[in-house]
Structure formats: structure tokens, C-alpha cells
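Reading the structure
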Amino acid sequence: QVQLVESGGGLVQVGGSLRLSCAASGRTFTSSVVGWFRQAPGKEREWLATIRWSGGSTSYVDSVKGRFTISRDNTENTVYLQMNSLKPEDTAVYYCAAAHQSVLRVRVSSSYAYWGQGTQVTVSS
């Protein structure tokens, strides 16, 4: 059983930065893909980025390319989401999720078996 814990959310002004962390316990991220999603009030959960633990390949939704960076720390068994140039529309609860590396549809939330509890990000103008 994998348990995921997000941290690093908070209140930031437009143009600011935050780094979210997703730490795994119970099992390592080896043989996994890890994704970040977000959900704003009244909206569906939105896929943002994914990293494959083996090899480190990444993918992003177009709306965050060039602003957000997903990365991993093998020794800490942690995945990060560095968010720069934040906009009010980035305000949401951010979730990390993990799935087996065989998953192909990494942009689909139902592909992920394990989820964190979420961390709130608020971007104020």
C-alpha cells in the first residue's frame, strides 16, 4: 500500500512561485508513474504533469508548459512540482497520484490507484 502526502501549498501573489512536494511511504516510487492534478471549485480534476520514475521522462498539459516543472528525488522518494509565474487561474487544490509504470493513459485520473490528500494553492491578485 502506498501512501502519498503532499505539502508546500499556500497563498502566493500573482507571478510568484511555489514548490509542491509529494512524499511516498509504504512503498517506493520505483516502477511507478507519478502525476500531479488540480481541482478548482466547480471544475473537474485536471491533469497537469507526469513523471516516469524509471528514466525520468516527463509530460505536461499545455497550460503549464514552461511554468511548471515536475521532478523526482530518488533518495527522498519524493516528487516535486515547481510552479513559477503563478496566475489567479492556478488557484486550486493540488493532488499527486501514483500508478504502475505500465499505465499508458497518464492524463486520465482513473489510471491512478493512489492519491494524496491534496494541498491548497491560492494565487492572489
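Scroll up a little and you will see the structure.
Attention in this report is confined to the structure presented alongside it. These numbers come from a predicted model, not from an experiment. (Residues numbered from 1 in each chain as written. Predicted model: local features only at pLDDT ≥ 70, side-chain atom pairs only at ≥ 80, totals over all residues. Heavy atoms only, no water.)

1. Notes on the nonpolar core
Residues Phe-29, Trp-36, Leu-48, Val-79, Leu-81, Met-83 and Tyr-94 are the most contacted members of the largest nonpolar core, which totals 38 residues. Of all the secondary-structure elements, those providing two or more residues to this core are strand 3 (18–25), strand 4 (32–39), strand 5 (46–52), strand 7 (68–73), strand 8 (78–83), strand 9 (92–100) and strand 11 (119–124). In this view, Leu-48 contacts Trp-36, Phe-37, Arg-38, Ser-59, Tyr-60, Val-61, Val-64, Phe-68, Leu-81 and Tyr-94; residues no more than four positions away in its chain are not counted. (Core = buried A, V, L, I, M, F, W, Y, C linked by side-chain atoms within 4.5 Å. Buried < 20%, exposed > 50% of the residue type's maximum accessible area, 1.4 Å probe, protein only. Helix = DSSP H or I, 4+ residues; strand = E, 2+ residues; numbered from the N terminus. Contact = heavy atoms within 4.5 Å.)

2. Looking at the state of the cysteines
Overall, the coordinates contain 1 disulfide when judged by the stated rule. The residue that forms a disulfide with Cys-22 is Cys-96, at a sulfur-sulfur distance of 2.1 Å. Taking the torsion about the S-S bond as the criterion, the Cys-22 to Cys-96 disulfide, at about 70°, is right-handed. Here Cys-22 is found in strand 3, whereas its partner Cys-96 is found in strand 9, with 74 residues between them in sequence. The pair formed by Cys-22 and Cys-96 is uniform in burial state, with each residue classed as buried. (Disulfide = S-S within 2.5 Å.)

3. Structural notes on the environment of Pro-41
Note that Pro-41 resides in the loop between strand 4 and strand 5. Classification of Pro-41 as exposed rests on a relative accessible area of 76%.

Spatial relationships are all this shows, so hold off on functional conclusions.
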